[in-house]
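Listed below, chain by chain, are the residues.
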Amino acid sequence: MVGLPSAINAVQELVEEISPAPVTFKRISSAKALKNRLDWGKPDLTIIDVRDRYAFNQERITGAVLVDLEHLIHQVNQMLEINRDIYIYGASEEDTINAASQLD
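Bear in mind the structure is a predicted one, so any value in this text is a computation, not a measurement. (Residues numbered from 1 in each chain as written. Predicted model: local features only at pLDDT ≥ 70, side-chain atom pairs only at ≥ 80, totals over all residues. Heavy atoms only, no water.)

**Student:** Please clarify how the environment of N83 should be interpreted in this entry.
**Tutor:** One can find N83 in the loop between α4 (72-79) and β3 (85-89). Exposure remark for N83: the relative accessible area of 67% places this residue in the exposed category. In this structure the C-alpha to C-alpha distance between N83 and T46, which are 37 residues apart in sequence, comes to 9.8 Å. (Helix = DSSP H or I, 4+ residues; strand = E, 2+ residues; numbered from the N terminus. Buried < 20%, exposed > 50% of the residue type's maximum accessible area, 1.4 Å probe, protein only.)

**Student:** What is the right way to read the packing of aromatic side chains from this model?
**Tutor:** By convention here, two paired aromatic rings are described through the distance between centres and the angle between planes. Evaluation of the coordinates by the stated rule reveals zero aromatic pairs. Above the plane of the ring of F56 lies R60, whose end atom (NZ or CZ) is 4.5 Å from the centre. (Phe/Tyr/Trp six-rings, centres within 6.5 Å; stacked < 30°, edge-to-face > 60°. Lys NZ or Arg CZ within 6 Å of the ring centre and 35° of its normal.)

**Student:** For this particular structure, what's the right way to read the side chain of D49?
**Tutor:** In this fold, D49 is placed in strand β1 (residues 45-49). At 2.7 Å, the side chain of D49 and the side chain of R51 are in polar contact. For D49, the contacting residues outside a window of four places in its chain are F56, R60, A64, V65, L66, V67 and Y89. (Polar contact = N/O pair within 3.5 Å; in protein donor to acceptor, adjacent residues only side chain to side chain. Contact = heavy atoms within 4.5 Å.)

This is the structure we're talking about:
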């Protein structure tokens, strides 16, 4: 029976190594942090894409919602659950910062 606690510890360490760790929300996140959170399977987030429709149609993050930057506040208030974490990405860092500042 002495080996049981060490066996349990070994299994816990193995699970931690093969399972992605939950990601805590940060005001500014990287693409890698978002990917880790998606890999963890936490569905309580919204991904907003503020690029143009052509770019959105060409390639996007699965589950992302296309929102027109000029009507961001209105569309977010009408369509999205505001009690969820929101990730925003745009064609440039400037577009992303602009969109984030509108929701701040």
